[in-house]
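Observations on the model geometry
Single-letter residue listing:
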Amino acid sequence: MEAVREVYRAEISHYFRDMFTEKGEHVIAKSFISFRLDGSDPKCVVSIFGCAGDWFGGWDGLVPGDVNRFIAEDLQSGRMVEVN
């Protein structure tokens, strides 16, 4: 937390570590190491969970991914609809 505040001047530190890909899982960010949130100098670290998998393409970035896996054109299906 202190390293991120010092280097990036960010008030809230965050990281991405965990991934949830099962259908039906709702994904909510969790706050860790928080204090003085009501004061003038709030401090906390937030863990932001990934939930959609890596569907942007192949390992080399040359094979296009399928955007419909995230959300279909009709906005009725896809991973982003499932976790919302």
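Now for a look at the structure at hand. (Residues numbered from 1 in each chain as written. Predicted model: local features only at pLDDT ≥ 70, side-chain atom pairs only at ≥ 80, totals over all residues. Heavy atoms only, no water.)

Quick look at the overall build of the protein
Broken down by element type, the protein carries 2 helices and 3 strands. Taken over 84 residues, the protein has a buried fraction of 19%. (Helix = DSSP H or I, 4+ residues; strand = E, 2+ residues; numbered from the N terminus. Buried < 20%, exposed > 50% of the residue type's maximum accessible area, 1.4 Å probe, protein only.)

Digging into the side chain of Ser 47
Locating Ser 47 in the fold gives a position in strand E3 (residues 43-47). With residues up to four places along the chain from it excluded, the contact list for Ser 47 reads Tyr 15, Ala 29, Lys 30 and Phe 32. (Contact = heavy atoms within 4.5 Å.)

Examining a nonpolar patch on the surface
A cluster of nonpolar residues, Ile 71, Leu 75, Met 80 and Val 81, forms a patch on the protein surface that exposes about 320 Å² of accessible area. A relative accessible area of 37% means that Met 80 is categorised as partly exposed. (Patch = residues over 30% accessible without salt bridge, like charges linked within 9 Å, V, L, I, M, F, W, Y side chains within 5 Å. Areas by Shrake-Rupley, 256 points an atom, 1.4 Å probe, with all protein chains shown as cover. Salt bridge = Lys/Arg side-chain N within 4 Å of Asp/Glu carboxyl O.)

So, unusual backbone geometry
Negative phi is the rule for most residues except glycine; trans is the rule for most peptide bonds. With a phi close to 60°, Arg 9 is a non-glycine residue in the positive phi region. If you trace the backbone, Arg 9 turns up in the loop between helix H1 (2-8) and strand E1 (12-15). Positive phi, close to 65°, is recorded for Leu 75, a residue that is not glycine. Along the polypeptide, Leu 75 turns up in the loop between E3 and helix H2 (79-83).

So, the sheet that holds strand E2 (residues 30-35)
Pairing in this open sheet of 3 strands is mixed, and the strands run E1-E3-E2 from one edge to the other. Both edges of this open sheet fall to E1 and E2, since each of them pairs with a single strand only. If you compare each strand with its neighbour and ignore which way they point, the axes differ by 15° on average. Sheet topology places E2 next to E3; 4 bridges connect them, and they run antiparallel. Opposite Phe 32, over in E3, you have Val 45 as the bridge partner. (Pairing = 2+ DSSP bridges. Axes fitted to C-alpha atoms, helices over the stretch in contact; angles between N-to-C directions.)

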